[in-house]
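# Chain and residue survey
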Amino acid sequence: MAIDAALEDVKSGRTLPVPEHLRDTSYKGAKRLGHGEGYQYAHDFPGHFVPQDYLGAEKRYYEPTEQGVEKKIKERLDHWRRLSKAARESGKPSEPK
């Protein structure tokens, strides 16, 4: 399961730093550190999705099955993953609606 894989990474010390654009911006000095720079608010984009790095590495924990509702989730994730890959390959930033 995804949670078990994530917990195993944490227990064994395989953790990743939070990407700069996702770091807290609410305190004095955060801007100077680059926190929040480049963050894109998904709800400003069509379909409320933006191909943005949320993990800082090519790592997947959740892989939906072809069973029941997970089949629809899998289709949606596959679509988002294709969009994200295309955005990485093009190097172009996304445009809000």
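Each remark here, short or long, concerns the structure printed above.
Attention here is on the structure that accompanies the text. This one's a predicted model, so the numbers in the text were calculated from it and none came from an experiment. All chains use their own residue numbering, which begins from 1 and follows the written sequence. Only residues with pLDDT of 70 or above have their local features reported here, since the model is predicted, and side-chain atom pairs are shown and tallied only from 80 upward, although totals for entire chains, interfaces and linings are computed over all residues. Where side-chain values are given, they derive from all heavy atoms of the structure, hydrogens and water being excluded.

## Concerning the overall build of the protein chain
Rule in force here: Put simply, DSSP marks the helices as runs of H or I at least four residues long and the strands as runs of E at least two long, and each gets a number from the N terminus on. A radius of gyration in this sense is built from C-alpha atoms; the matching globule rule multiplies 2.2 Å by the number of residues raised to 0.38. Here, two residues are considered to be in contact whenever any of their heavy atoms come within 4.5 Å of each other. Surface accessibility in these figures is a Shrake-Rupley result with a 1.4 Å probe; residues are shielded only by whichever protein chains are displayed. Charge counting follows a simple rule: Lys and Arg are positive, Asp and Glu are negative, and His as well as the terminal groups are ignored. Charge positions come from single atoms, namely NZ of Lys, CZ of Arg, CG of Asp or CD of Glu.
Of the regular secondary structure elements, the protein chain holds two helices and zero strands. Here the C-alpha atoms of the protein chain give a radius of gyration of 16 Å, more than 25% beyond the 13 Å that 2.2 N^0.38 yields for 97 residues. Across the protein chain, the fraction of contacts at a sequence separation of at least 24, relative to all contacts at a separation of at least 6, is 47%. Of the roughly 7,800 Å² of accessible surface on the protein chain, a fraction of 56% belongs to carbon and sulfur atoms. Separation of charge centres in the protein chain, based on 18 positive and 16 negative side chains, amounts to 2 Å.

## Things to note about helix H2 (residues 68-90)
Defined as follows: To estimate the expected span of a helix, count its residues, drop one, and scale the result by 1.5 Å. Any residue under 20% of the maximum accessible area for its type is buried, any over 50% is exposed, and the rest in between are partly exposed; the area is computed with a 1.4 Å probe on protein chains only.
With 23 residues, H2 ought to run about 33 Å at 1.5 Å a step, and its terminal C-alpha atoms sit 34 Å apart, in line with that. Considered for burial, the residues of H2 that qualify are Leu77, Ser84 and Ala87. Gly91 sits one or two residues past H2 and shows a positive phi near 75°.

## A word on the side chain of Gln40
Structurally, Gln40 can be placed in the loop between helix H1 (2-11) and H2. A residue is classified by how much of its surface remains accessible, and Gln40, at 17% relative accessible area, is buried. Residues within four places of Gln40 in sequence aside, it is in contact with Phe45, Val50, Gln52, Tyr54 and Ser94.

## Considering unusual backbone geometry
Non-glycine residue His48 carries a positive phi angle of around 55°. With respect to the secondary-structure elements, His48 resides in the loop between H1 and H2.

## A short note on the environment of Leu55
Along the chain, Leu55 falls in the loop between H1 and H2. Sequence separation between Leu55 and Val18 is 37 residues, and the spatial gap between their C-alpha atoms is 7.0 Å.

## Quick word on the packing of aromatic side chains
In plain terms, the rule: Here is the rule: rings of Phe, Tyr and Trp (six-membered ring for Trp) pair when centre to centre is within 6.5 Å. Planes less than 30 degrees apart are stacked, more than 60 are edge-to-face, and the remainder are tilted.
The tally for this structure, following the rule as stated, stands at one aromatic pair. Summarising the aromatic geometry, the rings of Phe49 and Trp80 are spaced 5.2 Å apart at their centres and angled 0° between planes, so their arrangement reads as stacked. Linking Phe49 in the loop between H1 and H2 with Trp80 in helix H2, this pair joins segments that are 31 residues apart in sequence. Overall, the relative accessible area of 16% leaves Phe49 in the buried class. A residue is classified by how much of its surface remains accessible, and Trp80, at 25% relative accessible area, is partly exposed.

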